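Architecture at a glance
Chain by chain, the residues:
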Amino acid sequence: MRSLRWKLALAFLAVVVISVGLTAYLTNRGAAREFSSYVLESRRNYIDQIEEGLGWFYENNGSWTGVQNLLDGLVMMRGERLVLADSSGVVVGDTDLQWLGLTTGRVGLSASTRDIFVSGDEVGEFYLLSSSMMRGRGPMMGGPVSPQTPLFFQDVQEQELLERVNRSLLIAGVVAVFVAIVLGLLLTRQFTRPIQGLKNGAARIASGDLAYRVRVESQDEFGDLAESFNSMAASLDSSEQARQRLFADIAHELRTPLSIIEGTVNAMLDGVYEPDQDNLKSIKEETALLTRLVADLRDLALAESGQLKLEVESVDTAKLIQRRVSQAEVMAREKGIGLTTDITGGIPSVMVDSRRIEQVVANLLDNALSHTPSGGSVVVTVTTAPGRDGYPVDAGHILVSVADTGEGIAKEHLPHVFDRLYRVDDARPREKGGAGLGLAIAKQMVELHGGSIWVESEMGKGSTFSFSLPII
Ligand code: ADP
């Protein structure tokens, strides 16, 4: 029994069978009880009426003479026998005419159904029995009868009623079970259809069809589940697309320097280029570019998977940044850019991996210098937070920012500049920029240190890249 549909259908059936069974049992018991009390009550009334009729007769006649004519009118139930004896025990009336003139002792009548009193005197007694005529057999044929005998009819009627009730209950039960099976199957089909849909969807996704989505058919929990399933499929789809894009981008980044190297070497082998200093230098530069690209990709992969080990030590950040700025001064001077530092005193030492933080500062400085035209300026500021209003940094951090007066970054690019392999201008010449890994690496490194990194920029005015590091 593995199918949920059958389990639910059986559960429905079980509920119906149990409730119908219980209802049948209780109805049966209730009907029997009600019927018994109804019969007893009406029987008591019936006996009262006979007693009243006979009493009235005696009162009016002063004796039982002629009472036989009255008896048939008093017996209302078919098959019942009314026997009346006078105060001396002689039968003076019998609807079966059999015992007239005999004594009650003789015919075996003992406890009377009711004694009849007129003005306080007992004037007779009567017995209600089963008619020997009706039954034609049994203990009534002249033999003694038990006082319970009249109840025979009650039993028979009760039995009949209960049988009728039971028959109706059985029919109702069979109909209910049939309806339960049909309804159960229909309802469970309704319940299991979305589950079946999800199962099929999961199989399609597993087989690689990441664009597959299940139909959201209802607003209930199944609908929520289908929506969650679809958003899971969408996120799988987009990570798969990102993975494919990443591979394509990496291949693209590797291909350019490799084809330059290959072309130059081929040209040298064919004697088109001289293997001179210039050509060899160009090969060396491309090789260095490749090495850096591979190292960057490796760092990024390690950082993203949380496997990059930081060699943390207490570092004088002001000094570290000053050193890095000094190294960039040559390039700034060549490009005619003013490079200055603004280090407001008392910057505490922080626990960082100095090589990685230097890498972050170097990337930001490289970007600032290459995006700032001649005559512009780059300012590196180091302060303890909160250094400037509106900066999303808590106290207890140091804040480093690199501000340039370069071209700026358009609003639509700002949210993506820290994405790996993202370049604002994909078509720009390669020598003007890298593979779009610098900022992605900077972000990973800063975050690994427990800090955050962000950018503010205005087109035509310049950009400010800032990062924070917690002071531990
Ligand atoms: P790349 O190594 O290609 O420069 P980055 O990750 O360092 O890649 O930068 C991503 C993108 O952000 C680059 O395409 C660049 O155009 C833009 N960018 C980075 N820094 C600046 C800046 N200071 N001014 C203007 N644009 C910048």
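Our structure is the block above this text.
Let me begin by describing the structure that accompanies this report. (Residues numbered from 1 in each chain as written. Predicted model: local features only at pLDDT ≥ 70, side-chain atom pairs only at ≥ 80, totals over all residues. Heavy atoms only, no water.)

Here we look at helix H8 (residues 317-335)
It helps to recall that an α-helix has 3.6 residues per turn; residues three or four apart then point in one direction. Inclusion rule: Helix and strand definitions here come from DSSP, where helices need a minimum of 4 consecutive H or I residues and strands a minimum of 2 consecutive E residues; each element is numbered from the N-terminal end. Expected helix span is computed as 1.5 Å times (number of residues minus one). The seven residues ending at a residue and the seven starting there each receive a fitted axis; the angle between those axes is the bend at that residue. Think of it in three bands: residues with accessible area under 20% of the maximum for their type are buried, residues over 50% are exposed, and the middle band is partly exposed, with areas taken using a 1.4 Å probe on protein chains only. For this analysis, a polar contact is any N or O atom pair within 3.5 Å, provided that within protein one partner can donate a hydrogen and the other can accept it, and provided that sequence-adjacent residues contribute only side-chain to side-chain pairs.
Counted at 1.5 Å a residue, the expected span for H8 with its 19 residues is 27 Å, and the 27 Å between its end C-alpha atoms agrees. Where H8 bends most, at Ala-328, the angle is about 35°. Among all positions in H8, only Thr-317, Ala-318, Leu-320, Ile-321, Val-325, Ala-328 and Ala-332 are buried. The residue sitting at the N-terminus of H8 and contributing the capping side-chain oxygen is Asp-316; that oxygen lies 3.3 Å from the backbone nitrogen of Ala-318. Of the residues flanking the end of H8, it is Gly-336, one or two places downstream, whose phi is positive at about 70°.

Quick notes on the sheet that holds strand E11 (residues 462-470)
Strand pairing in a sheet takes place through backbone hydrogen bonds and is either antiparallel or parallel in direction. Our working definition: Strand pairing is assigned whenever DSSP detects at least two bridges linking the two strands. Think of each axis as a best-fit line through the C-alpha atoms, taken over the contacting stretch in the case of a helix, with angles from 0 to 180 degrees between the N-to-C directions. Contacts are assigned to residue pairs with any non-hydrogen atoms lying within 4.5 Å of each other.
The 5 strands are arranged E6-E8-E9-E11-E10 in an open sheet whose pairing can be described as mixed. In this open sheet, the two strands that pair with only one neighbour each are strand E6 (338-343) and strand E10 (453-458). Recorded for the sheet is a direction-independent mean angle of 15° between the axes of neighbouring strands. Across the sheet, H8 lies against E6, strand E8 (377-384), strand E9 (397-404) and E11, angled at about 170° from E6, the strand it touches most.

Observations regarding the site of the ligand
Put simply, the rule reads: For each residue, the test is whether any non-hydrogen atom lies within 4 Å of the molecule or strand; if one does, the residue is near. Throughout, the Shrake-Rupley method with a 1.4 Å probe supplies accessible areas, and for residues the shown protein chains are the sole cover considered. Throughout this entry, Asp, Glu, Lys and Arg are counted as charged residues, while Ala, Val, Leu, Ile, Met, Phe, Trp, Tyr, Cys and Pro are counted as nonpolar. The remaining residues, Gly among them, count as polar.
Taken together, 19 residues lie near the ligand, and Asn-367, Asp-404, Val-424, Gly-436 and Leu-439 sit nearest. For the ligand, an oxygen atom lies 2.8 Å from a polar atom in the side chain of Asn-367. Gly-436 is positioned such that a nitrogen or oxygen atom in its backbone is 2.9 Å from an oxygen atom of the ligand. In isolation the ligand has 530 Å² of accessible area, and contact with the protein removes 95% of it. Sorting the residues of the shell around the ligand by element identifies helix H9 (354-370), helix H10 (438-448) and E11 as the ones contributing at least two each. Across the shell around the ligand, the residue classes tally to 9 nonpolar, 7 polar and 3 charged.

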